[in-house]
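# Tertiary structure, described
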Amino acid sequence: MQNISLPPGSPLLSKGFIYGVATSSFQIEGDRAGRVDNIWDTFCLHSGAVEDGSNGDIACEHVKYWQQDVEMIADLKVDAYRLSISWARVMRTDGSVNQGGLDFYVKLVDALVAKDIKVFVTLYHWDLPQSLEDKGGWLNRHTIDAFVRYTTMVAQALGDKVTAYATLNEPFCSAYLGYECGIHAPGKTGTANGRQAAHHLLVAHGKALGVLRKLCPQAKHGIVLNFSTCYPASECHDDKMASVLADEYHNQWYLMPLMEGRYPDVFHRLTPEQKPTIEPGDMALINQPLDYLGVNYYNPTVYAADDHGWFYVVPPKDVPVTAMGWEIKPDAFSTLLTDLHERYALPPIYITENGAAMDDSLEKGEIKDYSRIDYFHTHLNAVHHAVLNGVDIKGYFAWSLMDNFEWTLGYTKRFGLIYVNYQQQERILKASAKAYRLLLETRAQ
Ligand code: IFM
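Please read these numbers as outputs of a predicted model, since none were measured by experiment.

This part is about the overall build of the protein chain. Tallying secondary structure elements over the protein chain gives 14 helices and 13 strands in all. Expected size for 445 residues packed as a compact globule is a radius of gyration near 22 Å; at 21 Å, the protein chain falls within 12% of this value. Along the three orthogonal principal directions, the C-alpha set of the protein chain runs to about 60 × 55 × 45 Å. With 445 residues in all, the protein chain has 60% of them scored as buried. Where the 39 positive side-chain charges of the protein chain centre and where its 53 negative ones centre are 5 Å apart.

This is how it looks when you write it as structure tokens:
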């Protein structure tokens with residue numbers, strides 16, 4: 001497929017629907033010297049932690065090339081750009097502000113606004129300062145206070161120039177991958193750790209929300225969660241139960257406390273040692289009104305029951321997959337959105353991430369990533385169907401603006417609309433970037 005199209009008259013073609021591209025600080029910025037250490041710097045040093053042994057020291061050198069990157073974003077004709085702030089660039093180890101770091105984001109936001117590009121800022125996209133991790137990181141309640149101080153610094157500097165703030169990106173990844181399975185930074189393990197980190201992250205979200213509302217009253221405030229639609233491996237009762245449990249443990253664990261002030265029923269399956277410590281007032285702090293919910297979706301997951309009444313993942317077999325090995329199933333995206341809408345009284349939704357890593361090849365200066373175009377086409381049409389089902393979706397951000405550091409997979413996977421030649425730091429528009437731009441240009445004016 002060489003084009004992205006939507007049915008004529010689709011709400012996704014209307015003037016108010018926002019299209020954007022997204023990135024995160026650690027994945028693109030480089031300029032290691034301009035900030036203090038964070039947990040990903042440390043994690044990347046562990047042998048075997050990152051597939052190609054790489055790190056974020058250089059990445060896309062966005063701090064150096066930010067002006068050129070802003071031109072590139074504008075050239076895509078997007079309405080909005082979603083970026084994250086590096087906590088370790090803004091706050092020094094002693095807790096004081098790093099003015100140079102903060103000024104970088106002020107200049108970046110000003111340049112985007114001057115080009116009429118709406119700015120969506122995420123405060124925490126997994127890159128906790130190492131000095132805080134040294135004191136226990138998200139297992140230590142004091143990290144919540146540090147997050148509030150950091151949020152205050154950013155909110156005072158950027159204020160209402162930002163269209164929308166998100167406190168956290170994908171707390172599932174920070175808590176489960178980082179503190180429960182240990183495959184992400186900081187590499188801690190254990191159910192108790194994972195659940196406690198998740199709880200502290202959600203409380204940090206709640207406290208930061210209050211600060212944002214006070215300091216940036218005109219901006220919208222929300223949080224970004226990732227979801228994977230859960231399917232049973234078979235029609236048998238145990239597998240069906242397994243997929244329900246997995247959904248509660250990985251998806252609803254984050255959304256239900258935000259929407260209803262309680263954890264899902266799977267909470268009661270945990271032993272007393274595994275349950276997080278919840279202080280009086282915590283659930284009310286988490287359960288505050290949101291202006292929007294950011295939804296990140298890439299793929300569904302299939303689950304089967306194990307012998308202990310728990311669940312395990314059944315890897316995709318004989319189905320289309322991306323270069324990540326993630327199943328491509330656009331109808332699972334509409335199902336997810338419609339299902340969330342039916343379960344909860346949700347605020348408006350922005351699709352804050354959706355996209356695919358594909359095996360791109362640069363031939364004669366061109367990247368004909370037609371499989372990525374197909375992914376965007378089918379997934380945007382899935383969003384269209386969800387809107388027709390009554391889901392209030394206000395916008396869509398493609399992940400990602402450009403190829404970047406894909407965490408434990410280093411630079412081996414490419415998610416960008418724009419190809420990055422890391423040696424020369426050259427940016428080349430892929431066919432998918434041109435198709436995305438064409439879709440945006442053909443919208444109602
Ligand atoms: O690259 C990540 C991003 O940082 C968070 N969401 C998923 C993307 C693809 O894995």
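Here we take up the pairing of strand S10 (residues 349-353). For S10, the buried fraction is high: five of the five residues fall into the buried class. For strand S7 (residues 292-297) and S10, the ladder comprises four bridges, and the chain directions are parallel. Directly across from Asn 296, in S10, lies its bridge partner Glu 353. Pairing analysis gives three bridges linking S10 to strand S11 (residues 393-399), with the strands arranged parallel. In the sheet register, Tyr 350 faces S11, and the bridge partner there is Gly 395. What joins S10 to S11 is helix H13 (residues 370-388), and the crossover it makes is right-handed.

Here the focus is the pairing of strand S9 (residues 311-314). Direction of pairing for strand S8 (residues 301-305) relative to S9: antiparallel, over a ladder of four bridges. Considered in S9, the bridge of Val 302 is made with Val 314. Joining the antiparallel neighbours S8 and S9 is a turn of five residues, in which Gly 309 adopts a positive phi near 75°.

Here we come to the sheet that holds strand S6 (residues 230-232). Ordered by their spatial adjacency, three strands build an open sheet running S6-S8-S9, and the pairing between neighbours is mixed. The open sheet is flanked by S6 and S9, the only strands paired with a single partner. Going from strand to strand, the sheet's axes swing by 45° on average, the running direction of each strand aside. Bridge count between S6 and S8: three bridges; the pairing is parallel. Each residue of the ladder has a partner; that of Tyr 231, found in S8, is Val 302. Against the sheet, helix H10 (residues 237-260) touches S6, S8 and S9, its axis set at about 125° to S8.

Calculation rules
- Residues numbered from 1 in each chain as written.
- Predicted model: local features only at pLDDT ≥ 70, side-chain atom pairs only at ≥ 80, totals over all residues.
- Heavy atoms only, no water.
- Helix = DSSP H or I, 4+ residues; strand = E, 2+ residues; numbered from the N terminus.
- Rg over C-alpha atoms; globule rule 2.2 N^0.38 Å.
- Buried < 20%, exposed > 50% of the residue type's maximum accessible area, 1.4 Å probe, protein only.
- Lys, Arg positive; Asp, Glu negative; His and termini not counted.
- Charge placed at Lys NZ, Arg CZ, Asp CG, Glu CD.
- Pairing = 2+ DSSP bridges.
- Right-handed = clockwise from strand over helix to strand, strands pointing away.
- Axes fitted to C-alpha atoms, helices over the stretch in contact; angles between N-to-C directions.
- Contact = heavy atoms within 4.5 Å.

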